[in-house]
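Working through the structure, step by step
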Amino acid sequence: MTERPVLLPYADPAFVADPFPLYRQLREDGPVRRAVIAGGLEAWIVTRYEDGLAALSDSRLSSDVRDASDTRLLRALPDTERESMLGNMLRSDPPDHTRLRRLVSKAFTAHRVAGLRPRIQAVTDGLLDGIAAAGSADLVADFALPLPVTVISELLGVPVDDRHDFQRWTDRMIMRGAQPPDPAVVNEAWQHMRAYVGGLIRAKRADPGDDLLSGLITARDQEQRLTEDELIAMVFLLLAAGYITTVNLIAGGIAMLLAHPGQLERLRSDPGLLPGAIEEFLRYDGPVSPGIARFAREDLDIAGVRIPHGATVLIASAIADRDPARFPDADHLDITRRDNTHLAFGHGIHYCLGAPLARLEGQIAIGSALRRLPGLALAVPPEKIRWRPGGLRGPLSLPVTFAPDRS
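Residues numbered from 1 in each chain as written. Predicted model: local features only at pLDDT ≥ 70, side-chain atom pairs only at ≥ 80, totals over all residues. Heavy atoms only, no water.

**A word on the overall build of the chain**
Per the secondary structure count, the chain includes 19 helices and 11 strands. Intrachain contacts of the chain at a sequence separation of at least 6 include 72% that bridge at least 24 residues. When the accessible area of the chain is evaluated, it comes to approximately 17,500 Å², of which 53% is carbon and sulfur surface. Taking the average location of the 47 positive side-chain charges in the chain and that of its 53 negative ones, the two points are 1 Å from each other. (Helix = DSSP H or I, 4+ residues; strand = E, 2+ residues; numbered from the N terminus. Contact = heavy atoms within 4.5 Å. Areas by Shrake-Rupley, 256 points an atom, 1.4 Å probe, with all protein chains shown as cover. Lys, Arg positive; Asp, Glu negative; His and termini not counted. Charge placed at Lys NZ, Arg CZ, Asp CG, Glu CD.)

**Re the packing of aromatic side chains**
Under the defined criterion, the tally for this structure stands at 8 aromatic pairs. Ring plane angle 70° and centroid distance 5.5 Å describe the contact between Tyr10 and Phe15, whose orientation is recorded as edge-to-face. Across the pair, Phe15 and Tyr10 agree in class, each one buried. Between Tyr49 and Phe327, the aromatic rings sit 5.5 Å apart at their centres with planes inclined by 85°, giving edge-to-face as the arrangement. In this pair, Tyr49 sits in helix α3 (residues 49–55) while Phe327 sits in the loop between α18 (317–320) and α19 (355–372), placing the two residues 278 residues apart along the sequence. The class for Tyr49 is buried, based on a relative accessible area of 4%. The buried category is assigned to Phe327, whose relative accessible area is 1%. A cation over an aromatic ring shows up here: Arg283 above the ring of Phe327, its NZ or CZ 5.4 Å from the ring centre. Its guanidinium or amino end placed over the ring of Tyr49, Arg326 lies 5.2 Å from that ring's centre, counting from NZ or CZ. (Phe/Tyr/Trp six-rings, centres within 6.5 Å; stacked < 30°, edge-to-face > 60°. Buried < 20%, exposed > 50% of the residue type's maximum accessible area, 1.4 Å probe, protein only. Lys NZ or Arg CZ within 6 Å of the ring centre and 35° of its normal.)

**Description of the nonpolar core**
In this structure, Leu139, Ile254 and Phe281 are the most contacted members of the largest nonpolar core, which totals 94 residues. Per-element accounting of this core gives the leading share, 10 residues, to helix α15 (residues 244–259). Setting aside residues up to four positions removed in sequence, Leu139 forms contacts with Ile131, Ala144, Ile254, Leu373, Leu376, Leu398 and Val400. (Core = buried A, V, L, I, M, F, W, Y, C linked by side-chain atoms within 4.5 Å.)

**Digging into the sheet that holds strand β10 (residues 377–378)**
Here we have 3 strands laid out as an open sheet, ordered β5-β11-β10, and antiparallel in their pairing. Strands with a single pairing partner mark the edges of an open sheet, and in this sheet they are β5 (136–138) and β10. In terms of strand pairing, β5 meets strand β11 (residues 399–401) through 3 bridges, oriented antiparallel. By the bridge assignment, Asp138 is partnered in β11 with Pro399. (Pairing = 2+ DSSP bridges.)

**Considering helix α16 (residues 261–269)**
Residues Gln263, Leu264 and Leu267 constitute the buried set of α16. Viewed along the axis of α16, the buried residues span an arc of 105°, placing them on a single side of the element. For α16, the exposed residues set more than 90 degrees away from the buried face come down to Pro261, Gly262 and Ser269. The secondary structure elements touched by the buried residues of α16 are α15, α17 (274–285) and α19. (Arc of directions from axis to C-beta.)

**Quick look at the pairing of strand β6 (residues 292–296)**
Burial of β6 is extensive: 5 of the 5 residues sit out of reach of the surface. Burial along β6 is two-sided: Ile292, Arg294 and Ala296 facing one way and Ala293 and Phe295 facing the other are all buried. In this structure, strand β4 (residues 61–62) lies alongside β6, joined through 2 bridges in antiparallel fashion. For Ser62, the partnering residue across the bridge sits in β6 and is Phe295.

**With respect to unusual backbone geometry**
Here the amide bond leading from Pro94 into Pro95 is cis, since omega sits at 10°, within 30 degrees of zero. Here Pro95 shows up in the loop between α5 (79–87) and α6 (96–107). Residue Ser289 is joined to Pro290 through a cis peptide bond whose omega torsion reads 5°. Here Pro290 lies in the loop between α17 and β6. With a phi angle near 55°, Ala303 is a residue other than glycine that sits in the positive phi range. For Ala303, the location among the structural elements is in the loop between β7 (300–302) and β8 (305–307). Positioned with a positive phi, Asp329 is a non-glycine residue whose angle comes to about 50°. Checked against the element boundaries, Asp329 lands in the loop between α18 and α19.

Below you can see the structure in the form of structure tokens.
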């Protein structure tokens, strides 16, 4: 391709609030577009659904950032974060990925996730109890943020007395959207968390419990186990992939409903639509935007476009999931939509292992909020909602009003 790369203007609040007009133009311009993304890095953006689906299963595209020709991608990471990224399942390829996923799957079972339902409901109810009488709240700070980190803490078996520090370090490591991060603060938080998780692993080895971390420690596959570095990397992956993305799904889903009152009323009148509504939230305006990075192991063609060895390829699920060739009336939010096989959780061998947990948390949180907060409405005009810039998309705050519970 000869055209100049398009700029994704993450410093522009208007783009951050609504990137979809530019996304639509990119998709209409071609199936693969060169673009300048965050930090001046260049990527090849795959914009259409069928091409994105194929690329996510293409073994010529690596998940390991060390295969990128632009070494700034690796150098930009704090030392401890670089260590965790390179050791985790999300950023590895076969055969390492195959071994890691098989071991993790032995501990992160459907039964374990299903068993969390009562506790997720209890945490959700407790948070709503704390805001129901007030008549107003910030559903990010007061609800969507504390719920997933509490669930992850319990899933991993973090002792109750340690959870305040655990959440504080997590926020400093991951919550980078509201202002430019201070590298020293981020690095310090990673160091504290790494030391803490290492100690927690040693404690679980000596006295395992009925939690995911104990399950990961004891999981075996042909006498192979996860090393301590791999266990630490898995904890960091759960925090990175399972915390802010779930916050964004919960808060973003509620924001979508409040911006589409017809859909909100339809869901209120038929709560059985909630599972399909979660899928539509993920498709229409999912928690990762524009998509999933891969790195070309060799020169290759995608949709007739030549991609050079070492190039960063961004499989833009947020663009592809509004491809009208795949989804009729794709720019319309429709919680009754059928055949909704979106790309928000990826595809192929890297399909999100935590997808069932994210869906469960989203269903419980959003369904409970709609039941417990009658008359729920935005406290500000929709255009005043501040959105998280960069690769993770969701409201930074969601001020709402509702009829207070006087009981």
